[in-house]
Amino acid sequence: QVQLVESGGGLVQPGGSLRLSCVGAGRTFSDLRMGWFRQAPGKEREFVAAISWTGGSTKYADAVKGRFTISRDNAKNTVYLQMNSLKPEDTAVYYCAAGGPLMIGSQRADGYDYWGQGTQVTVSS
């Protein structure tokens, strides 16, 4: 069993930056693929970014490519999402997720076994 806890969300102005963190507990997650998803009000949960268990492979949604960076520190059981040049349309609850070691299916929510409770990100002036 893996417990995931996100932090780092908040209110930021357009063009600003935030760094989300997700700490895992219950077992080491160094052999798990990690992902970030988001869900805005009235919309379905959507893929944001994923990173392989080694950190050597990453994937991004087109909407965040070039602005967001996913990274991980397996020694700290932590995965990060650095978000720059934030836009109002990035407003959502952001969820951290953990799944099997392969990157196949990493962009699908049903490809993950464990989920955090989410952290709110609001981009507004």
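Now for a look at the structure at hand. (Residues numbered from 1 in each chain as written. Predicted model: local features only at pLDDT ≥ 70, side-chain atom pairs only at ≥ 80, totals over all residues. Heavy atoms only, no water.)

Time to look at the overall build of the protein. Of the regular secondary structure elements, the protein holds zero helices and 11 strands. For the protein, the α and β elements follow one another from N to C terminus as β-β-β-β-β-β-β-β-β-β-β. The globule rule puts the C-alpha radius of gyration for 125 residues at 14 Å, and the 13 Å found for the protein is close to it. Each principal axis of the C-alpha distribution contributes one length, and for the protein these read about 40 × 25 × 25 Å. The proportion of buried residues among the 125 residues of the protein is 43%. (Helix = DSSP H or I, 4+ residues; strand = E, 2+ residues; numbered from the N terminus. Rg over C-alpha atoms; globule rule 2.2 N^0.38 Å. Buried < 20%, exposed > 50% of the residue type's maximum accessible area, 1.4 Å probe, protein only.)

So, about the pairing of strand 1 (residues 3–7). Only one face of strand 1 is buried: it carries Leu4 and Glu6, and the other face, with Gln3, Val5 and Ser7, is open. In terms of strand pairing, strand 1 meets strand 3 (residues 18–25) through five bridges, oriented antiparallel. Its bridge partner lying in strand 3, Glu6 is registered against Cys22. (Pairing = 2+ DSSP bridges.)

A separate point is the sheet that holds strand 8 (residues 78–83). One open sheet accounts for four strands, arranged 1-3-8-7; its pairing is antiparallel. Both edges of this open sheet fall to strand 1 and strand 7 (68–73), since each of them pairs with a single strand only. Shown here is a sheet whose adjacent strand axes are inclined to one another by a mean of 15°, direction ignored. (Axes fitted to C-alpha atoms, helices over the stretch in contact; angles between N-to-C directions.)

Turning to the nonpolar core, a few remarks are in order. Met34, Trp36, Leu81, Met83 and Tyr94 are the most contacted members of the largest nonpolar core, which totals 34 residues. Setting aside its immediate chain neighbours within four residues, Tyr94 contacts Glu6, Leu20, Trp36, Phe37, Arg38, Val48, Phe68, Leu81, Met83, Gly118, Thr119 and Val121. (Core = buried A, V, L, I, M, F, W, Y, C linked by side-chain atoms within 4.5 Å. Contact = heavy atoms within 4.5 Å.)

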